[in-house]
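# A closer look at the structure
This is what each chain is made of:
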Amino acid sequence: MMRDESFIAGIKEDMSTNGEKTNGANGQTPVKLTRKDFQTDQEVRWCPGCGDYSILAQVQKVMPELGVPKENIVFISGIGCSSRFPYYMNTYGFHTIHGRAPAFATGVKLANPDLQVWVITGDGDALSIGGNHFIHALRRNIDLKIILFNNRIYGLTKGQYSPTSELGKKNKSAPMGTIDYPINPLSMAFAAEATFVGRSMDIDPKHLSMMVERLAAHKGSGFLEVYQNCNIFNDGAFKSFNEREVRDEKMIYLEHGKPLLFGKERDKGIYINKVKPEIVTVGENGITIDDILVHDENTLEPNLSYILGRMQYPEYPVPMGVFRAVQKPTYEQMLHGQVSKAISTSGAGDISKLINAGETWEIN
Amino acid sequence: MSVTTKEDQTKQQLPVEELDTVTIRFAGDSGDGMQITGTQFTSTSAIIGNDISTLPDFPAEIRAPAGSLPGVSGYQLNFSSRDIHTPGDEPNVLVAMNPAALKVNLKDLEAGGILVLNTDEFTESNLKKAGYATNPLDDDSLSGYRVFKLPITSNTLKALEGSSLPFKQQERCKNFYALGLMYWLYDRPLEPTVKWVEGKFSAKPEVAEANLMALHAGYNYADTTEVFTNYYKVGKAKIRPGKYRNITGNEATAIGFITAANLTGRPLFYGSYPITPASDILHELSKHKNFGVKTFQAEDEIAAIGAAIGAAFAGDIGLTGTSGPGIALKSEAIGLAVMTELPLVIIDVQRGGPSTGLPTKTEQADLLQVMFGRNSECPAGVVAPATPADCFRMAIEAVRLATKYMTPVFFLSDGYLGNGSEPWAIPSMEDLPEMKVSFRTEVEGFFPYLRDEQTLARPWAIPGTPGLEHRIGGIEKQHITGNVSYDPDNHDLMVRLRAEKVERMKQDIPDLEVFGKPEGRVLLLGWGSTYGSITTAAEQLQNRGVSVSSAHLRYLNPFPKNTEAVLRSFDHVIIPELNLGQLAMLIRAKYLIDAASFTMVKGKPFKVSELIRKVEEYL
């Protein structure tokens, strides 16, 4: 057979671009999209008052700013309340099966690296049934943007404890209190060496939209944990530290290159004593601003990020922001790089050669 | 290195016997290189024009303790001057490299068969490991065979005197010595193996040289010592003219899917997790990235199929491959592919089960699993190759049906097909079907679940296409719009549409062919790797004038349109299967035909003689 030039040209074209095409790259005039362009005609079916509404609103708000045409955006989810998300985004979407969204998303991204691929998941979906896929998607550094809605409860199945529920929490499947030690999603992400790790919350829309933008801009496996309130089964799960009145004292916002300060007066800070963080007050006991840990997102070793990710209420202020943002070659770049290399060293595939390879003989 | 002419002179003085078919089994420790010996004998026989069929048989353990019974690895091949379909019922020749290999394989050797034994390995400790109380070389337990006791290991070492290789490596050349002996006995040329060794060990010339010295030493030993008092010739087979190569089922599967993807005009995406006996497909595909093939070794079976479905959603030819236990893990995701109506091919290289079962042995017991092993009404197409080479054609068929009907299709192979080999008549490019796929790009009138009237396929609209943004998922879809719908009547309709879609593949698959007369007393109906034994049994019975025909289903869901008519043309339908009667259950349920089930589940293919005895009960 003749070589199929158009097929081969298609592969070569795939090679030449990596990363999402910007608006207008499909040969059209760039059109400025608005938040409305990302809304669907489907009725949103989350419970009134659910934190998911806020996340949806922020994502829809951020999308037009990214400059990616909406046909090049794909939202992929697993199962759970949060996983209904794709139905409400007027992009391509795939509502898959419980815990496996990262696997489906991997296939989408590898088939077409020009797509911007988002994964929407929850604490049960990502950390319990889907724990394996979560870890492996992150360690491969495939360019997926994973947002985990952490409400520390199973909502869609009506109130059982989740892998992030606190020890001793009483709920429908643990009336005497859970005896499962919770897992810290950030610790998992650091262990898998995700190249982007961040945290935000539903009730701080400004911060949330900033984090979504940062996640979108990152190339590689990105993970954003969002504290999200389930007002039906776990109402107020985060309120002891994230309500507006207490936030300044009980949370700490991470800023790259800046000392880790918090408190109304911004006089408290994090001092690392050997490998343990300590809360100190600038100006007391000889502590100066120079003693305060300066946040560095770009350190390749995740050790320090891990220490910050472990800081929990009530012992410590709860960190919000980008813990880690480093650059490494992505999985899809390396895979497509191997395909290009194979083509340049062995020549573009020729079916006739393939089937006639090896030792052959003629029967007359 | 060349073969001296002296050999031919000696050989000319010896009597030669013409045979039409010979079955040899090479057996030794799993580290003895028996698979290489077997495949080399196979390639050489194919190149000189014999028809061949092979059955590798190796243990699940990579290296069980040396000399032990579980560590025995074997390779059986049948070569013939006729058109053959099986690796042979009983070997005519057994080459046993140690006592354990003798112990495991002797029961299969035909009465009076040739037995070549490596006497060096019949030591007290090896005899004990094989469970021999007395040395079979010294008692009369082998008196029913033509025994050749040869010091294969020490002769190999003698031939390699002065080699720079370490002792252990010299010893490992003994399989080539044994191969040389057999080449002499069956009058095969050494050149194809010489060429192979030189290519294989081009980076290690001292290893190549040692192996070739052993090969020639074995050949020359037979030639000069007259240990064999005669030799044999097996002539060229009369097979259809054309260009051939030897191919295993797993190789044919891999290049079949590469070819299929190429015919569609889309890149192939293979998501897989290593599992015996399917891993060779992953190995083969990963070598062909220059065809745009993307191989993804996933973290588990579920991720492997998940990624393949994701790739199909985005416009690649999505393929995943595994064996029975992997299918069990993939079931929920297969349901999602059925629900979202995406083209996907799932390879199941069946092995003995349930659970871990017999990982390296063959079985056909996943048919009902692929038909029904999912929650709810979850139909999928099923195709099953009949021979190793047929894997190429059926791979193309699986992709053609999956993309045309937008639904998952199973490719049901098995360990015997995957590892077995036969000559493959290389097709010409013009023989391959036209199956280019096209994606929906037209925005006007687009609905994700609006169906093609003829195939009921929904449009394949891939991400990246402006104006066709839509959402799919596992929740029931509203007819046409694809929106989430819990409406009872809509669900009933969609369940029926998904079933009807698979049923309509019937219009696109060839009729069931009958080998032999189209009507008569007995029809042997088979599927999958039993093709060889069934066809050979039918041929042998037909030669005796018995009213027996055979038919082989390569499409199992749906069945070809004429299936019922074929079955009703015979007084008796016998369905031999390597399971407990799974196809028989489907046939009986679907057609109310009183088909008889004949089953065996031993991890091995049927013997022709077993099938003939069964048919005789119905005559």
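Computed from a predicted model, the values in this text were never measured in an experiment.

Quick look at the nonpolar core now. Counting 106 residues, the largest nonpolar core has Leu 525, Leu 583 and Ile 587 of chain B as its most contacted members. Looking at this core element by element, the count peaks at eight residues for helix α12 (residues 301–313) of chain B. A domain-level breakdown of this core finds at least three residues from each of domain 2 (245–431) and domain 3 (514–616) of chain B. Excluding its chain neighbours within four sequence positions, the residues that come into contact with Ile 587 of chain B are Leu 525, Leu 553, Phe 559, Thr 563, Leu 567, Ile 575, Leu 592, Ile 593 and Ala 595 of chain B. Residues Trp 361 of chain A together with Ala 208, Tyr 219 and Tyr 244 of chain B belong to the second largest nonpolar core, which totals 54 residues.

What follows covers helix α17 (residues 488–503) of chain B. Residue and element names in this part refer to chain B. Here α17 is 16 residues long and its end C-alpha atoms lie 23 Å apart, about the 22 Å a rise of 1.5 Å per residue gives. If you check which residues of α17 are buried, you get Asn 490, Met 494, Val 495, Leu 497, Arg 498, Lys 501 and Val 502. Mapping the buried residues of α17 onto a view down its axis gives an arc of 160°, with all of them on the same face. Relative to its buried face, α17 has exposed residues pointing more than 90 degrees away, namely Pro 488, Asp 489 and Arg 496. Considering only its buried residues, α17 is in contact with α13 (324–340), β14 (381–383), α15 (390–405) and β21 (555–557). The N-cap residue of α17 is Asp 487: its side-chain oxygen and the backbone nitrogen of Asp 489 are 3.3 Å apart.

Mapped onto the secondary structure, Pro 205 of chain A falls in helix α7 (residues 205–217). Its relative accessible area of 36% is what places Pro 205 of chain A among the partly exposed residues.

Residue and element names in this part refer to chain A. With antiparallel pairing, three strands are arranged side by side in an open sheet as β8-β9-β10. Every interior strand has two partners, whereas the edge strands, β8 (261–262) and β10 (276–281), have only one. Of the strand pairs in this sheet, strand β9 (residues 268–273) and β10 are connected by six bridges, and their pairing is antiparallel. Residue Ile 270 lies in a different strand from β10, and its bridge partner there is Ile 279.

Time to look at the domain arrangement of chain B. Residue and element names in this part refer to chain B. Splitting chain B by domain gives domain 1 (5–234), domain 2 (245–431) and domain 3 (514–616). With centres defined by C-alpha atoms, the gap from domain 2 to domain 3 works out at 25 Å. The interface of domain 2 with domain 3 comprises 29 residues on the first partner and 22 residues on the second. Across the interface of domain 2 and domain 3, roughly 2,100 Å² is buried in total on both sides, 62% from carbon and sulfur atoms. When the buried area of domain 2 at its contact with domain 3 is split by residue, Gln 364, Leu 367 and Leu 368 rank highest and sum to 31% of it. Summed over the shared surface of domain 2 and domain 3, the number is one salt bridge. For Asp 390, the salt bridge goes to Arg 554, with nearest N and O atoms at 2.6 Å. Run the count over domain 2 and domain 3 and you get 14 residue pairs in polar contact (both at pLDDT 80 or more). The leading source of residues in the side of domain 2 that touches domain 3 is α15, at five residues. For the side of domain 2 that touches domain 3, the class distribution of residues is 17 nonpolar, five polar and seven charged.

This paragraph deals with the packing of helix α3 (residues 101–111) of chain A against α12 of chain B. Each pair of packed helices can be summarised by the angle the axes make with each other and by the distance between the axes. Running from amino to carboxyl end, α3 of chain A crosses α12 of chain B at an angle of 45°, the nearest separation of the two axes being 6 Å. Regarding the angle of α3 of chain A to α12 of chain B, the classification is oblique. The handedness of the crossing between α3 of chain A and α12 of chain B is right-handed. Facing α3 of chain A, whose interface residues are Ala 103, Phe 104, Gly 107, Val 108 and Ala 111 of chain A, α12 of chain B presents Ala 303, Gly 306, Ala 307, Ile 309, Gly 310, Ala 311 and Phe 313 of chain B. Residues belonging to the contact of α3 of chain A with α12 of chain B are distributed by class as follows: nine nonpolar, three polar and no charged.

The rules behind these values
Residues numbered from 1 in each chain as written. Chains lettered and ligands numbered in written order. Predicted model: local features only at pLDDT ≥ 70, side-chain atom pairs only at ≥ 80, totals over all residues. Heavy atoms only, no water. Core = buried A, V, L, I, M, F, W, Y, C linked by side-chain atoms within 4.5 Å. Buried < 20%, exposed > 50% of the residue type's maximum accessible area, 1.4 Å probe, protein only. Helix = DSSP H or I, 4+ residues; strand = E, 2+ residues; numbered from the N terminus. Domains from an automatic or database assignment. Contact = heavy atoms within 4.5 Å. Expected span 1.5 Å × (residues − 1). Arc of directions from axis to C-beta. Polar contact = N/O pair within 3.5 Å; in protein donor to acceptor, adjacent residues only side chain to side chain. Pairing = 2+ DSSP bridges. Buried area = accessible area lost by both parts, 1.4 Å probe. Salt bridge = Lys/Arg side-chain N within 4 Å of Asp/Glu carboxyl O. Nonpolar A, V, L, I, M, F, W, Y, C, P; charged D, E, K, R; others polar. Axes fitted to C-alpha atoms, helices over the stretch in contact; angles between N-to-C directions. Parallel < 35°, antiparallel > 145°, perpendicular 65-115°, else oblique. Left-handed = near helix turned anticlockwise from the far one by under 90°.

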